[in-house]
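# Structural overview
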Amino acid sequence: MADKALTPITVARGDGIGPEIMDATLRILEAGGARLAIEEIEIGEKVYERGISAGIEPSSWESLRRTKVFLKAPITTPQGGGFKSLNVTVRKTLGMFANVRPCLSYSPFIATKHPSMDVVIVRENEEDLYAGIEHQQTDEVVQCLKLLSRPGTEKIVRYAFEYARRYNRKKVTCFTKDNIMKLTDGMFHKVFEEVAAEYSDIENEHWIIDIGAAKLADTPEAFDVIVMPNLYGDILSDVAAQIAGSVGLAGSANIGTEVSMFEAIHGSAPRRAGQNLANPSGLFLGAVQMLVHIGQGDVAEMVHNAWLCTIEDGIHTYDVFEEGVSTQKVGTKEFADAVIERIGRRPQVLKAVTYPATDEPIVIEVAETVAAEKVQVGIDVFLHWKAGKPDDLGHALEATAGSDLKLVMVSNRGQKVYPGGVPETFCTDHWRCRFQSATDGGVVSTSEAIALLGRMHEAGFDFIKTEGLYTFDGVAGYTLGQGQ
Ligand code: NAD
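Residues numbered from 1 in each chain as written. Predicted model: local features only at pLDDT ≥ 70, side-chain atom pairs only at ≥ 80, totals over all residues. Heavy atoms only, no water.

## A closer look at the sheet that holds strand 3 (residues 69–72)
Definition in use: Two strands pair under a simple rule: DSSP has to find at least two bridges between them. Only DSSP runs of H or I covering at least 4 residues are called helices, and only runs of E covering at least 2 are called strands; the numbering of each starts at the N terminus. What counts as an axis is a line fitted to C-alpha atoms, over the stretch in contact for a helix, and the angles between N-to-C directions run from 0 to 180 degrees. Contacts are residue-level and defined by heavy atoms, with any inter-residue pair within 4.5 Å sufficient.
What the ten strands build is an open sheet, ordered 2-1-3-12-11-4-5-10-8-9; its pairing is mixed. The sheet is open, and its two edges are formed by strand 2 (36–41) and strand 9 (203–208), each paired on a single side. When strand polarity is set aside, the average angle formed by the axes of neighbouring strands in this sheet is 25°. In terms of strand pairing, strand 4 (residues 98–104) meets strand 5 (residues 118–124) through seven bridges, oriented antiparallel. Paired with Cys-103 across the two strands is Val-119, which belongs to strand 5. Sitting on the sheet, helix 5 (residues 150–166) touches strand 4, strand 5, strand 8 (171–176), strand 9, strand 10 (225–228) and strand 11 (251–255), and the angle it makes with strand 5 is about 160°. On the sheet, helix 7 (residues 209–218) packs against strand 5, strand 8, strand 9 and strand 10 and is oriented at approximately 110° with respect to strand 9.

## Thoughts on the site of the ligand
Quick note on the threshold: We define proximity as follows: a residue is near a molecule or strand when any one of its heavy atoms falls within 4 Å of that partner. Two N or O atoms form a polar contact when they lie within 3.5 Å of each other; inside protein one atom must be a possible hydrogen donor and the other a possible acceptor, and for residues adjacent in sequence the pair counts only when both atoms belong to side chains.
Neighbouring the ligand are 18 residues, the closest being Gly-267, Ser-268, Ala-269, Asn-279 and Tyr-318. Side-chain polar atom of Lys-72 to an oxygen atom of the ligand: 3.3 Å apart, as the coordinates give it.

## Details of the packing of helix 5 against helix 6 (residues 184–196)
The axes of two packed helices give the description: the angle between them and the distance between them. Worth spelling out the cut-off: Note on angle classes: values under 35 degrees are labelled roughly parallel, values over 145 roughly antiparallel, values of 65 to 115 roughly perpendicular, and the remainder oblique. Each crossing is labelled by how the near helix is turned from the far one, with a counterclockwise turn of less than a right angle marking it left-handed and a clockwise turn marking it right-handed.
One can describe the packing of helix 5 onto helix 6 by two numbers: an axis separation of 9 Å at closest approach and a directional angle of 45°. Taken together, the axes of helix 5 and helix 6 lie oblique to each other. Crossing hand, helix 5 versus helix 6: right-handed. Counted together, Arg-150, Thr-153, Glu-154, Ile-156, Val-157, Arg-158 and Phe-161 of helix 5 and Met-187, Phe-188, Lys-190, Val-191, Phe-192, Glu-194, Val-195 and Ala-196 of helix 6 form the full contact between these two elements.

## So, the pattern of salt bridges
How we decide: A pair is scored as a salt bridge if a Lys or Arg side-chain nitrogen falls within 4 Å of a carboxyl oxygen belonging to Asp or Glu. Only protein chains enter the accessibility calculation, which uses a 1.4 Å probe. A residue is then buried if its area is under 20% of the maximum for its type, exposed if over 50%, and partly exposed in between.
The final tally for this structure, using the stated rule, is 32 salt bridges. Arg-35 is the salt-bridge partner of Asp-298, the closest N and O atoms lying 3.4 Å from each other. Note that Asp-298 is positioned in helix 10 (residues 297–312) and Arg-35 in the loop between helix 1 (18–31) and strand 2, a separation of 263 residues in sequence. A salt bridge links Lys-177 to Asp-210; its shortest N-O distance comes to 2.6 Å. Of this pair, Lys-177 sits in the loop between strand 8 and helix 6 while Asp-210 sits in helix 7; the two residues are 33 residues apart in sequence, bridging distant segments of the chain. By relative accessible area, Lys-177 is classed as buried at 18%. One continuous salt-bridge network, built from bridges that share partners, spans Asp-313, Glu-341, Arg-342 and Arg-345.

## Observations concerning the sheet that holds strand 20 (residues 475–476)
Spatially, the six strands line up as an open sheet ordered 17-16-18-15-19-20, and their pairing is antiparallel. The sheet terminates laterally at strand 17 (415–418) and strand 20, the two strands that pair on one side only. The sheet contact formed by strand 16 (residues 405–412) and strand 18 (residues 430–437) spans seven bridges and is antiparallel. Each bridged residue has a counterpart across the sheet, and for Leu-405 the counterpart in strand 18 is Ser-437.

## Comments concerning the pairing of strand 2
Condition: With its strands directed away from the observer, a crossover is right-handed exactly when the path from the first strand over the helix to the second travels clockwise.
Pairing of strand 1 (residues 7–12) with strand 2 involves six bridges; the strand directions are parallel. When the sheet's bridge partners are listed, Ile-9 is paired in strand 2 with Ile-38. Chirality of the crossover, the property in question, places the unit of strand 1, helix 1 and strand 2 among those that are right-handed.

## Things to note about the domain arrangement of the chain
Formally: Where each domain starts and ends follows an automatic or database-derived domain assignment. Buried area: the accessible area, evaluated with a 1.4 Å probe, that two parts lose upon being put together, summed over both parts.
The domain boundaries assigned to the chain delineate domain 1 (1–94 + 259–348), domain 2 (113–244) and domain 3 (374–476). For domain 1 and domain 2, the distance between their C-alpha centres works out to 26 Å. Between domain 1 and domain 2, the contact holds four residues from the first and eight residues from the second. Where domain 1 abuts domain 2, roughly 530 Å² becomes buried across the two surfaces, and 46% of that area is made up of carbon and sulfur atoms. When residues of domain 1 are sorted by the area they lose upon contact with domain 2, Arg-91, Lys-92 and Ile-265 head the list and together hold 77% of the total.

## Description of the packing of aromatic side chains
Applicable threshold: In summary, the pairing rule links any two rings of Phe, Tyr or Trp, Trp by its six-membered ring, whose centres are within 6.5 Å, and it sorts them by plane angle into stacked for under 30 degrees, edge-to-face for over 60 and tilted for everything else.
Within this structure, the stated rule accounts for eleven aromatic pairs. Ring geometry for Tyr-106 against Trp-307: centres 5.0 Å apart, planes inclined by 75°, an arrangement best described as edge-to-face. Taken together, the positions of Tyr-106 in the loop between strand 4 and strand 5 and Trp-307 in helix 10 put the pair 201 residues apart, joining distant regions of the chain. Judged by relative accessible area, Tyr-106 falls into the buried class, the value being 6%.

## Some points on the pairing of strand 10
The two faces of the sheet receive side chains in turn, since in a regular strand these alternate between them. Along strand 10, one buried face is formed by Val-225 and Val-227 and the opposite face, lined by Ile-226 and Met-228, is buried too. As defined by bridge partners, strand 8 adjoins strand 10 across three bridges and the pair is classed as parallel. Note on strand 10: the bridge partner recorded for Val-172 is Val-225.

## Concerning the packing of helix 10 against helix 11 (residues 332–341)
One can describe the packing of helix 10 onto helix 11 by two numbers: an axis separation of 8 Å at closest approach and a directional angle of 115°. For the element pair helix 10 and helix 11, the recorded crossing hand is right-handed. Judged by residue contacts, Val-303, Ala-306, Trp-307, Thr-310 and Ile-311 of helix 10 engage Phe-335, Ala-338 and Val-339 from helix 11.

## Structural notes on helix 13 (residues 446–458)
Just so we agree on the cut-off: Multiplying 1.5 Å by the helix residue count minus one yields the expected span of that helix. The directions considered for the arc run from the helix axis to the C-beta atoms.
In this model, helix 13 (13 residues) spans 18 Å end to end at C-alpha, consistent with the 18 Å of a helix rising 1.5 Å per residue. Listed as buried for helix 13 are Ala-449, Leu-452, Leu-453 and Met-456. The arc that holds the buried residues of helix 13, viewed along the axis, is 95°, so those residues lie on one side. Of the exposed residues in helix 13, the ones pointing more than 90 degrees away from its buried face are Ser-447, Ile-450 and Glu-458. Looking one or two residues beyond helix 13, the residue adopting positive phi is Gly-460, at roughly 90°.

## Observations concerning the environment of Tyr-355
Inspection of the secondary structure puts Tyr-355 in the loop between helix 11 and strand 15 (374–384). Residues Tyr-355 and Gln-242, 113 residues apart in the sequence, show an inter-C-alpha distance of 25 Å. Here Tyr-355 is in contact with Val-288, Val-292, Gly-297, Ala-300, Glu-301 and His-304, once residues within four sequence places are set aside. Among the polar contacts made by the side chain of Tyr-355, one reaches the side chain of His-304 at a distance of 2.7 Å.

Pasting the structure below:
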């Protein structure tokens, strides 16, 4: 009967320092009265060594899908090719769209240049350049596709606002580079503005990522919750954790619609393994996020405040120990014991935490996409070509356009080089050739596009890919070439 109150979770002890910091974390949770029914799975090095390239046994997915909560210690990714990142696999397979990383300073007990920093980075976790679609297209050019979806963007932006509302945050900031990536980052920014309009209780702002990142590194107090696409979030969440004090102290939550994963942000630190040296704080703070997520905010509050007391009492592991500030250098086990001894106490100098004792995880619903009227108005044909100057290519291509189409421009690495290029532009062997209807604004049919490719093939051109130029409800779904 008592088991009814327990929340099932899946635990993986990982590699390197993983088992030690997991043991310390679970001991603190148990002492704090966490109501957990733990299922253990094996991930990482041993699984990779058995020839399973994903680093996780097929049977382990059942546990994750059953409990829907994964507390994961870091793993060691074996050197050499053929091994897939377990983290990326788990996140993407189970739709963990949001990576939530609180970056908080613990001044004056942990050295930092930013004593009042308290920022939460909400990073999109599934899309962007992490789709992993990469190709070598010519001798000289490789490409990686940056894919952003409207529902994926809306989900992460809504999550950021809901998170802000739930945890009494005042402002959500969006970072993008939409002055350059007008369609991808442009959509992220646009969706941010649309969603922000529904949360009049929360301040919102947008920064171009470069100056935003500089501001974050210099004046993190200016920010509260920051939401951003995957790659920027990956980089800036490490920067934010480091300037708050130490990457060794940060935990993170990977939130999915069904299954969520909680972990430290650091790796398995193999050189520190088995020596009772490692700081368990990152994993522990990930576990605190887990407790809140599963509706055990009461336990989360108690153990987190005990941890803050330990930090302010100067009881520190070697990585954050500092003469004159710290009072006692302890190992992993002793640090956990010190936290356990302080359960029930609240910090005196550091701000005590309070968590809502709600049972409801944040649920995000995204509107169905309404199909627009999509019309093809052109085609970009990409060529592998190294037989002369841009004008030679342009003239040869004019002859392939036929009567239905016209060659509008040729660009090289995005810069227009025909017609009207200049000799100073550096050109590679990778060309984008834009054809549109011979009639201004006219429709280009699939058969006209195929016929064009046939003529280009006949003329001996090596086309490596095409992209359709479409309008959606009359709005161009493509950008102009630089200088077009
Ligand atoms: P790392 O984070 O393991 O270690 C970086 C440095 O920080 C080392 O000096 C280490 O001793 C120290 N450190 C890290 N965590 C610490 C802790 N809790 N207490 C005290 N000191 C700590 O990064 P790395 O050395 O680049 O990677 C080691 C392995 O971890 C690699 O196999 C890598 O692929 C893997 N990794 C796994 C994850 C994950 O599972 N989420 C994340 C990052 C790296």
